[in-house]
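Observations on the three-dimensional arrangement
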Amino acid sequence: MTSLNQKLFEFSQEYIPGGVNSPVRAFKSVGGVPIFFRRGKGAYVWDADNNSYIDYVGSWGPLILGHAHPKVIKAVQTAVKNGLTFGAPTEAELEIAQLLCTLVPSIEQVRLVSSGTEATMSAIRLARGYTGRNRIIKFEGCYHGHDDALLVKAGSGALTLGCPSSAGVSAEIASYTTVLDYNDQDGLEKIFGQFGEEIAAVIVEPVAGNMNLVTPKPGFLSTLRELCTKHGSVLVFDEVMTGFRVGLKCAQGIYNIKPDLTTLGKVIGGGMPMAAFGGRRDIMQCLAPIGPVYQAGTLSGNPIAVNAGLATLRLIQVSGFYKKLATRNLQLTEGLTKVAKKYGITFCAQSLGGMFGLYFRSNIPTSYAEVMECDRKSFNRFFHAMLREGIYFAPSPFEAGFVSSAHSNKEINSTLSAAEKVFSNW
Ligand code: KE4
């Protein structure tokens, strides 16, 4: 019997390319029919056929408090009564700007936008405007949204679909983007030796989450910082995913590296369309209307999104929030690793704050090349088997996973029981 989900997907392909509004949702790499969700509450989501799942995607990172947190919902309900948008300054924008500048030490000034892509696109333009240079450095497997200059050997959906360098990006634009290997310190030193004074910016995910989870090797980020300082290049930490996900001071606080610019998104909007870029005052002062670098947005700083973000940012500051999140996350990754080992399955996992990586390989990957050695068939088999048990992981081997404060012992234990059943029948 065709499920409602299947009917909806067939129908949606009539009106939406691939039936989805973002490629990574299409289940292309895992196969099968994407799930149409109707409702979410806490750690759970329900699909169109009313099947429930424990959700480890959390809308790709924003839902650090879980779905429909009462205090976030209340903040949105209160805000909408006063109108949806003004296209003019509001006090809420000032409050969240002040809060972001307080929580993230490297951010002296910040500009709000509506998506992570807007944040990274604007940060790159700002770095080019500030330095008067064109060349940017990015890393293979890192994804920074779909701006032309950054869709070169990108991760996430681009990698999932096997088109890391998209059609439609002109060769001229791509020629200013140099791609290096993540964690390749020697490659960094070489490229700066060659082009140092031409490099406007280096943009990096300080913890990579778009080629699955890959953490920086000791020295990688500090070498980046030293070389950018030496050559007058802008160091951009793309913390759209890691911002307030890996800790209250973001990845830059964990690794104690101060970037020149930081991009944020996901968690800061609490599930609503909101992102931001910010950093050194002297760089941010180059932005219109006071500087020559133009950047704008009709719904930038939208009061509904800002209030959802403020409610979220207040709750993650509660003492012990990240300790509990990391403990829960570790319980999941250590538990999965233990069960896989019990049945002799080549599998490993790691966690950092509220994000995790699952890998069908014998040890934790530290580079794009090592991620590509993961057994994708096993991942796909695991993904669908766990889905049948009511556990929803990211539908791609090139995505990180996320736990929320709504994931309790109950959800972790249910997940590990499901994994026991799946791996025992491997
Ligand atoms: P958005 O434009 O999708 O809001 O943000 C782009 C972006 C920028 N930087 C980083 C580090 C990101 O992870 C993202 C977006 N992440 C993907 C998931 N890995 C979004 C999911 C999707 O494309 O549908």
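About the cut-offs
Residues numbered from 1 in each chain as written. Predicted model: local features only at pLDDT ≥ 70, side-chain atom pairs only at ≥ 80, totals over all residues. Heavy atoms only, no water. Domains from an automatic or database assignment. Contact = heavy atoms within 4.5 Å. Salt bridge = Lys/Arg side-chain N within 4 Å of Asp/Glu carboxyl O. Polar contact = N/O pair within 3.5 Å; in protein donor to acceptor, adjacent residues only side chain to side chain. Nonpolar A, V, L, I, M, F, W, Y, C, P; charged D, E, K, R; others polar. Phe/Tyr/Trp six-rings, centres within 6.5 Å; stacked < 30°, edge-to-face > 60°. Lys NZ or Arg CZ within 6 Å of the ring centre and 35° of its normal. Near = heavy atom within 4 Å. Helix = DSSP H or I, 4+ residues; strand = E, 2+ residues; numbered from the N terminus. Expected span 1.5 Å × (residues − 1). Buried < 20%, exposed > 50% of the residue type's maximum accessible area, 1.4 Å probe, protein only. Axes fitted to C-alpha atoms, helices over the stretch in contact; angles between N-to-C directions. Parallel < 35°, antiparallel > 145°, perpendicular 65-115°, else oblique.

1. Some words on the domain arrangement of the protein
What the domain assignment reports for the protein is domain 1 (4-64 + 320-424) and domain 2 (70-315). The straight-line distance from the C-alpha centre of domain 1 to that of domain 2 is 25 Å. On the domain 2 side, the residues contacting the 35 residues of domain 1 number 34 residues. For the pair domain 1 and domain 2, the interface holds 0 salt bridges. Connecting domain 1 to domain 2 are 13 residue pairs in polar contact (both at pLDDT 80 or more). Along the lines of polarity and charge, the residues of the side of domain 1 that touches domain 2 split into 23 nonpolar, 9 polar and 3 charged.

2. Structural notes on the packing of aromatic side chains
Within the structure shown, the criterion is met by 22 aromatic pairs. Put simply, the rings of Tyr-56, Phe-347, Phe-356, Phe-360, Phe-382, Phe-393, Phe-423 and Trp-426 touch in pairs and so form one group of aromatic residues. The ring of Phe-195 carries the charged tip of Arg-135 above its face, separated from the ring centre by 4.8 Å.

3. Notes on the site of the ligand
In the vicinity of the ligand lie 17 residues, with Ser-22, Thr-117, Asn-210, Asp-238 and Glu-399 positioned nearest. Here an oxygen atom of the ligand sits 2.7 Å away from a polar atom, N or O, in the side chain of Thr-117. Residue Lys-266 places a side-chain N or O atom 3.0 Å away from a nitrogen atom belonging to the ligand. Looking at the shell around the ligand residue by residue, the classes come out as 5 nonpolar, 8 polar and 4 charged. Both domains that furnish three or more residues to the shell around the ligand are identified here as domain 1 (4-64 + 320-424) and domain 2 (70-315).

4. Quick notes on helix α8 (residues 220-231)
In an α-helix there are 3.6 residues to a turn, and that puts residues three or four apart on one side. In this model, α8 (12 residues) spans 17 Å end to end at C-alpha, consistent with the 16 Å of a helix rising 1.5 Å per residue. Among the residues of α8, Phe-220, Leu-221, Thr-223, Leu-224, Arg-225, Leu-227, Cys-228 and His-231 are the ones counted as buried.

5. Topic: the packing of helix α7 (residues 185-195) against α8
Packing of α7 against α8 leaves a shortest axis separation of 10 Å and a crossing angle of 5 degrees. Between α7 and α8, the angle is such that the two are roughly parallel. The segment α7 lies against α8, with Gln-185, Leu-188, Glu-189 and Phe-192 engaging Phe-220, Thr-223, Leu-224, Leu-227, Cys-228 and His-231. For the contact of α7 with α8, the class distribution of residues is 6 nonpolar, 3 polar and 1 charged.

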